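# Examining the three-dimensional arrangement
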Amino acid sequence: MTTTACFIVVSKNDIPIYEAEVGSTVRQKQEQAHQHQFILHAALDLVQDLAWTTSAMFLRSVDRFNDLTVSVYVTAGHTRLMLLHDSRNEDGIKNFFQEVHELYVKTLLNPLYLIGSRITSAHFDTRVRALARKFL
Amino acid sequence: MEDYPEELRTPPVSLVCLTGCPELHHPISAFLHSEQPPINTLALPDFSKASVLARKKNRDPLSQPTPAPPSGILKRDWLLKHRTRVPAVVAALFRADQISGDPAQWLQACTDLENLKSLIHGRSTRLVVVLVQTQAAEELSEDVMAALRKRAEIDSKHLVEFVQNDASDLRQSLNKLASLFAELCLTYYKEEGRRIRSIIEKKSSPFPELNIRYCFKIAIYAEFRRDWSEALKFYEEAYRVLREMANTSTRLPPIQRLVEIKTIAEQIHFKISTLLLHGGKIMEAVARFLKHIKTYKRLVGLPEVDFLHWEWFSRQFLVFAELLETTAASAPSSQSPQFGTSESPFSEWEFQPAYYYQLAANYLREKRCCLEQSSVSKTDLPTKITEAPDSVMPSTHIGQSARLVEEGDIVTVLPLSDAEYVAYALAEAERFQDCYEIIALYKRAQESFSSHGSQRMACLCTLGMAREYYASDDFTNSKQLFDTVAAMYRREGWAPLLWEVLGYLRDCAKRLGLTNEYTAYSLEMAALPVFSTGFEETIDFGPAGPATLSRREEIQREALNFAVETDGDPEPVGLDVDPVSPLRSVLLVAVAFHEQSVKPDSVASLTVSLLSHLPLLFKVDLLEVEFNQPACNFSMSIPLEVSPNKWLRLTHEVKSGQSGKLECLTVKAKINNNLIICCRAESPALMEDLTSWKYENQRETYPTLDPALSLSGQKSIQVDEPNPLVDLTLNSIGPALVGEVFQIPVLVVSTGHVIHGGELKINLVDARGGGMLMSPRETDESDAHHVELLSISGLPEEKEDDLNTDLSEETKSDNIRKIQYSFGVVSVPVLKEGESWCCNLEIRWHRPKLVMVYVSLGYNPGDVDQRVNVHRSLQIEGKVPFFTNHRFMMPFRREPLLISNIRSLISPLEEKKVSLALKENNIVIVSAKNCTDVPLNLVSMKIVPEGGTNSNEKLFLVQEISGISNKCTRFVPGEEFRGVFSITPLVAKSSLSLGVVCVEWTRDSKNQDQPETVTTKHSLPQVCVEEPPLVAAIECPPFAIVGDPFSLYIKVKNNTNLLQEIKYSLGDSQNFVFCGAHVHTASILPGKELVLSYKFVPFSAGVQQLPRITITSVRYSAQLTPSIAAGTIFVYPAEPKFSLEKNGSELVV
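The model shown is predicted, which means the values in this text are computed figures rather than measured ones. (Residues numbered from 1 in each chain as written. Chains lettered and ligands numbered in written order. Predicted model: local features only at pLDDT ≥ 70, side-chain atom pairs only at ≥ 80, totals over all residues. Heavy atoms only, no water.)

### As for the overall build of chain B
If you tally the helices and strands in chain B, you get 23 helices and 52 strands. Per-residue burial for chain B yields a buried fraction of 48% across its 1149 residues. Accessible surface for chain B amounts to roughly 56,600 Å². Of this, 51% is attributable to carbon and sulfur atoms. (Helix = DSSP H or I, 4+ residues; strand = E, 2+ residues; numbered from the N terminus. Buried < 20%, exposed > 50% of the residue type's maximum accessible area, 1.4 Å probe, protein only. Areas by Shrake-Rupley, 256 points an atom, 1.4 Å probe, with all protein chains shown as cover.)

Following this line, the structure appears as structure tokens:
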């Protein structure tokens, strides 16, 4: 099964601090692949309305663009983990988000990490990609 | 949606045919049309026109013994036919007189009826005969009616009488007719539906086309009946069969087959969506739509005509959006779905038309891409695809096309081959300009999203529009839209997205020939924080190229060398960078002075720091630094190398001769002789971070070498005034005393500067805070000023001192002089070096207060055009000169009985007021104590009545008993002075004002010839004057001698008109013997005086206490006991001898 997924972490000041294409197959259309970030950016509009209506962190799917769905997880610090995906495995996505959240919290605990700055840790990147392979 | 035929877009309406009596057709059809539900009418003026109702000969394929495969799914004109040509009811209208009159007419009517019957034979169309009566009176006979009914072969209730003689009858007849028609229509469409349903149920057709057609027909008949649920059910069924057929049918060539199926599917889906949306089932409609999209998305067909698929696909979104929009207009916010829950799996946007408009635009773009590819492949292979045939027209079945071939007069319709069809479709598609359609769709979506406050989504739509304009080479519009998009991504810091947008902008600017913009966009791109993440190569970033470091370097090189290539233009490119410009990341300039202030003409050092985030090192050929004082501008022409992400610090020294603020305004950097970046200088302390680079991982550096200066450094410095070479002295002698005019001498001596335009400002301020010397409310009252500046005396040109305190006009045009209660301005003449000028400030205190006197001298030192100010201040306390007090007494050994004193003893709560006896000498002792630190001279002390001494009515007499003996009494600090006055009231009055004690005094100073006399006032209280009923006096010699008898008289005078009884008693004393009554009573006649006489012989010498005397008035219950002083006498042991001659003084007893 071909899956496309683009994962992005948006800091609370709306700046993307981590992005990764975690799709498992080659893309057929190059242009569409780049659209992912545009779609995720546009979905922030929905997230900002939705995040305050529920106490849950996992907002499930908030937006759909053709076959692609945007799922969002909002942390307590209003950092948003956004995943653009075409698979329907909601449990897997939820687990993925929870694991990434844990990773993100570990990053925050790093005293040298400035909150809101870009996550450049190679460890974080490797782990996120591993989690994506595992759950998505 | 507008492309659909009218009959598809609107719900079907039942049709009724009227024939005969044409004059009635209009009122009847108008009435039927306004009914609910409406009924359309097919009006035939006479019976000969009824042939339009005739059926065509082609029969249902299934009714034939060997069914031939159908040539299409739905006939194009079937729906229209049922709405305009096939009535449910045919009504024949006859005039009553036509029937009942002439037999020829009767025959004609019978023939007409026969004709009608034969026309509708085989259909379930109902026949109704209407007999039109102009008057109710002309009743037809039962026989005629029965005959007519028999002829027409109809039920009795299908024969209607139509009376039109008056309005109410007409209305009643119309109502009757309408209800009959409605009932018959319902029956007709129900029967038609049932008939077709029975066909389906009876034998399952080998052709799915027919199944679809029948289902569609049943649904349409159900719609005629307004049975929406059944219509929906059969539409769904038709849709299902159609989808199954897509894989099996082989009737047509594959491309055309798919086109037909999709066209039918589109129409059926449109019907379903309309029914769902108008039924208020938005959720179901959306779900149905998504299913529809999902079902057909992959049904692309052959690659050479994939553009047809995407066009069709885009149309699905567009039509659904329009449907949603029209329904939302009729029923706004009928749904407020709780998003994110399992029962509502749709996002908020999926209920908004804008979402579908945007997707429609996206797919239309897809179509355009495919079309371009198809066109390219067609030109590549010209022989493969045949030329488009000339006359292609829609065939009789929906979704099919056919070719018209004319051979002479005969026109034949031939089917198309797929190759021909493809050529035809390509030619058709190329005729249209898709990009305007795409832009319009994006625009609708964008407007809708921004009105909902979804700015980011609107931004995405704007981006789509901008890309379309770019693709259609409209760079002006494109650049404008890209600019708004770039602003959004810049604000939110989405660098990769901004990178792409800037790439487009850069290209637009290049194509439009905007050199400045091109350079600005290029530099901004080069300074963006984008780094390779590994998959840039696979992503199309548009004209920007991959977002990598190498690409950034390349862009920087291009931008910096751009103008060199076009060296025909001598004008270098100028870029302005202000604190909100995105180009701050290209070049950021911080300027920090090392000190906060500097003396004039001395050197101030400053650091100019440059920071660039461009990926490559670049050289600044010339750096110009500009200040608000142009004399301080400087430039550096040594080539400077600015390295990426590292502050370049330059320290320079400036010297300013002008006092005030010296501020660095701009720093211009000239690069490669063709680019000038003009940066607004920023203070490191107030500098904002670069939003795009703030969160990047990079080493933090400071703009200045000293990190503290980076936090506090300012781009401006205060240049001080030159040091004043003038002495300003303020002297004062001791504290000021309340009431006097206190003078403060001010001395101005020039010690180096020539004073031009000097101005002395004086300000009095309350030293205990509050600032003002009066409360604002009290400004109107002149007494309210506790301290006031009276005038400034001692000026050379000023001869008179009688200036008003509130003088505010200028006495001379060049001589400023303003004095108010606490503020004064006076001009100082031109003083050369060594000259001096002085004046006195005259201030009066009305109350004791501590005051600060601020004096400031501002002047021009001559050669330089700037002000120099000198400030001095002095704290002066205003003090009260005296502490004044007073005491009332009676003459010695004389006691008038005052009733008010007795009363105040009984009720002590009443207001205590001093009571004086009428026409008696009352003694007032006024004491004044010097409470200052300086000796004072008392000039006089007197009691002045309140209304002045020359009052007409004398209320009391004042006599000074003892006071100031000579002209001036000097008394030192702490000394007390007493004045004794006798007051004899002449009028009995409960409240008498005794006036004020005026004490005139001067300062005891030796250097002043004529000291100013100051009057300090002390007001005496209000007293009560009353006539005493009894006055007791004791007469006794001043001294006694041991053994020598002396007389003592007690005199009690009765001032009333009543007989007064008194008791008196004398106590015993061991020092005296006396004769007279110890205890006795006596009565005093009115106006008389009682004299009690006693003889006393003293026994011992010294100060002796006389026996205690008590006098009691029986009427007033008042007891008089003389004071101890009054009852004391000095007893000499022997007669004293005074040597008067020796002393030369007089003995006063």
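### Focus on helix 9 (residues 228–245) of chain B
All names here are of chain B. For helix 9, built from 18 residues, the straight-helix expectation of 26 Å at 1.5 Å per residue is met to within 8% by its first-to-last C-alpha distance of 25 Å. Taken together, the buried positions of helix 9 are E230, A231, L232, F234, Y235, A238, Y239, V241, L242 and M245. If you follow the buried residues of helix 9, they end up packed against helix 7 (167–202), helix 8 (208–224), helix 10 (254–278) and helix 11 (282–297). (Expected span 1.5 Å × (residues − 1). Contact = heavy atoms within 4.5 Å.)

### Focus on helix 2 (residues 90–109) of chain A
Under the 1.5 Å per step criterion, the end-to-end length of helix 2 of chain A is 29 Å for 20 residues, consistent within 8% with the ideal 28 Å. Among all positions in helix 2 of chain A, only G92, I93, F96, F97, V100, H101, L103, Y104 and T107 of chain A are buried.

### Examining the interface of chain B and chain A
Taken together, the contact between chain B and chain A spans 41 residues of the former and 41 residues of the latter. Between chain B and chain A, the buried area comes to about 3,800 Å², and carbon and sulfur atoms account for 53% of it. Here R456 of chain B makes a salt bridge to D14 of chain A, at a shortest N to O gap of 2.8 Å. Here chain B and chain A share seven residue pairs in polar contact (both at pLDDT 80 or more) between them. Those elements that place two or more of their residues in the side of chain B that touches chain A are helix 11, helix 13 (353–380), helix 16 (455–471), helix 17 (475–492) and helix 18 (495–512) of chain B. A per-element tally of the side of chain B that touches chain A places helix 13 of chain B first, with seven residues. Looking at the side of chain B that touches chain A, its residues break down into 20 nonpolar, nine polar and twelve charged. (Buried area = accessible area lost by both parts, 1.4 Å probe. Salt bridge = Lys/Arg side-chain N within 4 Å of Asp/Glu carboxyl O. Polar contact = N/O pair within 3.5 Å; in protein donor to acceptor, adjacent residues only side chain to side chain. Nonpolar A, V, L, I, M, F, W, Y, C, P; charged D, E, K, R; others polar.)

### Re the pairing of strand 10 (residues 588–593) of chain B
All names here are of chain B. Taking burial as the measure, the six residues of strand 10 include six buried ones, the bulk of the element. Both faces of strand 10 are covered, namely the face carrying L588, A590 and A592 and the face carrying V589, V591 and F593. Here six bridges tie strand 10 to strand 12 (residues 603–611), and the two strands are oriented antiparallel to one another. Residue pairing in the sheet places F593 in a bridge with L606 of strand 12. (Pairing = 2+ DSSP bridges.)

### Observations regarding the nonpolar core
One finds M82 of chain A together with F181, Y489 and F627 of chain B to be the most contacted residues of the largest nonpolar core, which totals 247 residues. Considering every element that reaches this core, the biggest residue donor is helix 12 (residues 306–330) of chain B, with twelve residues. If we ignore the near neighbours within four places in the chain, the residues touching Y489 of chain B are F38 and H41 of chain A together with C459, L463, W494, L497, L498 and V501 of chain B. Judged by nonpolar contacts, the second largest core, of 33 residues, contains L764, V787, W837 and V851 of chain B. (Core = buried A, V, L, I, M, F, W, Y, C linked by side-chain atoms within 4.5 Å.)

### Re the packing of helix 16 of chain B against helix 18 of chain B
Residues and elements named next belong to chain B. Between helix 16 and helix 18, the shortest axis-to-axis distance is 12 Å and the interhelical angle comes to 35°. As for the relative orientation of helix 16 and helix 18, their crossing is left-handed in sense. In this structure, helix 16 uses L463, R467 and Y470 to contact helix 18, whose residues at the interface are E500, V501, Y504, D507, C508 and R511. A breakdown of the residues in the contact of helix 16 with helix 18 according to their chemical character gives five nonpolar, no polar and four charged. (Axes fitted to C-alpha atoms, helices over the stretch in contact; angles between N-to-C directions. Left-handed = near helix turned anticlockwise from the far one by under 90°.)

### Regarding the pairing of strand 52 (residues 1128–1132) of chain B
Residue and element names in this part refer to chain B. Here strand 52 shows a clear split, with I1129 and V1131 buried on one side and none of T1128, F1130 and Y1132 buried on the other. In this structure, strand 43 (residues 1039–1041) lies alongside strand 52, joined through three bridges in parallel fashion. Bridge pairing in strand 52 links I1041 to Y1132. Looking at chain direction, strand 49 (residues 1102–1105) and strand 52 are connected through four bridges and run antiparallel. For G1102, the partnering residue across the bridge sits in strand 52 and is V1131.

### Focus on a nonpolar patch on the surface
Taken together, F1039, V1103 and F1130 of chain B make up a surface patch of nonpolar side chains, about 260 Å² in accessible area. Mapped onto the fold, F1039 of chain B is located in strand 43. (Patch = residues over 30% accessible without salt bridge, like charges linked within 9 Å, V, L, I, M, F, W, Y side chains within 5 Å.)

### Comments concerning the packing of aromatic side chains
Residues and elements named next belong to chain B. Here the structure, examined in full by the defined rule, presents 43 aromatic pairs over all chains. Residues Y470 and Y504 carry aromatic rings whose centres are separated by 4.9 Å and whose planes lie at 85° to one another, so their mutual orientation is edge-to-face. With Y470 in helix 16 and Y504 in helix 18, this residue pair connects regions lying 34 residues apart in the sequence. Judged on exposure class, the residue Y470 and its partner Y504 are both buried. Three or more aromatic residues joined by ring pairs form one cluster here, namely Y239, F289, Y296, W310, W312, F313, F317, F320, Y355, Y356 and Y363. Here the guanidinium or amino end of K262 rests over the ring plane of W312, the centre of that ring lying 5.8 Å away. Sitting over the face of the ring of Y239, R288 holds its NZ or CZ atom 4.3 Å from the ring centroid. (Phe/Tyr/Trp six-rings, centres within 6.5 Å; stacked < 30°, edge-to-face > 60°. Lys NZ or Arg CZ within 6 Å of the ring centre and 35° of its normal.)

### Examining the pattern of salt bridges
Tallied over the entire structure, the rule returns 44 salt bridges over all chains. When the shortest N-O distance is used, the salt bridge between D14 of chain A and R80 of chain A registers 2.9 Å. On the criterion of sequence distance, the pair formed by D14 of chain A in the loop between strand 1 (5–10) and strand 2 (16–21) and R80 of chain A in strand 5 (residues 80–85) is long-range, its members being 66 residues apart. Using a relative accessible area of 2% as the deciding quantity, one classes R80 of chain A as buried. Among the ionic pairs, K599 of chain B bridges to D720 of chain B, the shortest N-O distance being 3.6 Å. With K599 of chain B in the loop between strand 11 (597–598) and strand 12 and D720 of chain B in the loop between strand 19 (716–719) and strand 20 (726–730), the pair connects residues that are 121 residues apart, well separated along the chain. Look at K599 of chain B and you get partly exposed, because its relative accessible area is 44%. A network of salt bridges, in which partner residues are shared, links D14, D45 and R80 of chain A together with R456 and E492 of chain B.

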